[in-house]
Amino acid sequence: MAVKKEKWYGNDVSNEVSLFENGLLMRCCGVMYEVIVWLGTGYVYGLFDDNDLIEDLDSNRGEVGEPFPSWQCLAELSGSSKEDYRTMVMDSTRDVRALTLLTDMISYYGVQDAVSFDWDAKAYSESEIRKRLNKAL
């Protein structure tokens, strides 16, 4: 059975702006998200599991110090309390929740800690990724 892939989206109305100015595009692909991120020298395909991240975040609640990943650290980006941030994220639709968590994880921890990808993954130039995405942009 083939996995249903949804439409690409990002943190801007324009997929082009989301990818080429903000460095991120994603789409639901079964139980995970397929993502394209800017990684220093090119665009790389990877995976993001929002449900797994939430489990990790919840298991770190109440830990002393600064566990990875942390609701508190992500909440600091928005100036919210840990409880308010978690409630806002969890009360969102799944796609909004995943986008919020992913962009905040990238902002706080960096791409390598937010997205799963093969270290030998091919990096695509802007023109190559435009060809691969074709009508999605």
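As a starting point, this report considers the structure included with it. Just so you know, these numbers come straight off a predicted model, no measurement behind them.

On to the state of the cysteines, then. Here the structure, examined in full by the defined rule, presents 0 disulfides. Free of any disulfide, C29 has its nearest neighbouring cysteine sulfur in C28, separated by 7.4 Å. According to the relative accessible area criterion, C29 is buried, its value standing at 18%.

Running from N to C, helix α3 (residues 71-78) and helix α4 (residues 82-90) cross one another at 85 degrees; their axes reach a closest spacing of 8 Å. With respect to their mutual orientation, α3 and α4 come out roughly perpendicular. Touching W71, Q72, L74, A75 and S78 of α3 are K82, Y85, R86, V89 and M90, all from α4.

With that settled, consider the sheet that holds strand β2 (residues 32-38). As summarised here, the arrangement of the 3 strands in space is β1-β2-β3, forming an open sheet in which the pairing is antiparallel. A single partner strand is all that each edge strand has here, and the edge strands are β1 (24-29) and β3 (43-48). Each neighbouring strand pair of the sheet contributes to a mean axis angle of 20 degrees, computed without reference to strand direction. Where β1 and β2 come together, 6 bridges link them in antiparallel fashion. Its bridge partner being in β2, M26 is matched across the sheet by V35.

The next point concerns the pattern of salt bridges. Two side chains that carry opposite charge are able to pair once their charged atoms sit near each other. Within the structure shown, the criterion is met by 8 salt bridges. When the shortest N-O distance is used, the salt bridge between D50 and R97 registers 3.1 Å. With D50 in helix α2 (residues 50-59) and R97 in helix α5 (residues 94-109), the pair connects residues that are 47 residues apart, well separated along the chain. The burial state of D50 is the same as that of R97; both residues are buried. Salt-bridge contacts for K122 lead to E128; the nearest nitrogen and oxygen are separated by 3.7 Å. Residue classification places K122 among the partly exposed positions, given a relative accessible area of 46%. What emerges from the salt-bridge pattern is a single network uniting K5, R27 and E34.

The subject of this paragraph is the layout of surface pockets. Estimated volume of the largest pocket: approximately 230 Å³. Lining the largest pocket we find 15 residues, and of these D52, L53, D113, A114 and S116 sit closest to its centre. Breaking the lining of the largest pocket down by element, the ones donating at least two residues are β3, α2 and α6 (111-114). Each residue belonging to the lining of the largest pocket can be placed in one class, and the counts come to 9 nonpolar, 2 polar and 4 charged.

Quick notes on the rules
Residues numbered from 1 in each chain as written. Predicted model: local features only at pLDDT ≥ 70, side-chain atom pairs only at ≥ 80, totals over all residues. Heavy atoms only, no water. Disulfide = S-S within 2.5 Å. Buried < 20%, exposed > 50% of the residue type's maximum accessible area, 1.4 Å probe, protein only. Axes fitted to C-alpha atoms, helices over the stretch in contact; angles between N-to-C directions. Helix = DSSP H or I, 4+ residues; strand = E, 2+ residues; numbered from the N terminus. Parallel < 35°, antiparallel > 145°, perpendicular 65-115°, else oblique. Contact = heavy atoms within 4.5 Å. Pairing = 2+ DSSP bridges. Salt bridge = Lys/Arg side-chain N within 4 Å of Asp/Glu carboxyl O. 1 Å grid on protein atoms, 1.4 Å probe; cavity = no way out; pocket = protein on both sides within 12 Å on 5 of 7 lines; lining within 4 Å. Points joined across faces, edges and corners; volume = space filled by probe spheres on them. Nonpolar A, V, L, I, M, F, W, Y, C, P; charged D, E, K, R; others polar.

These results come straight from atomic positions and should not be treated as a statement about function.
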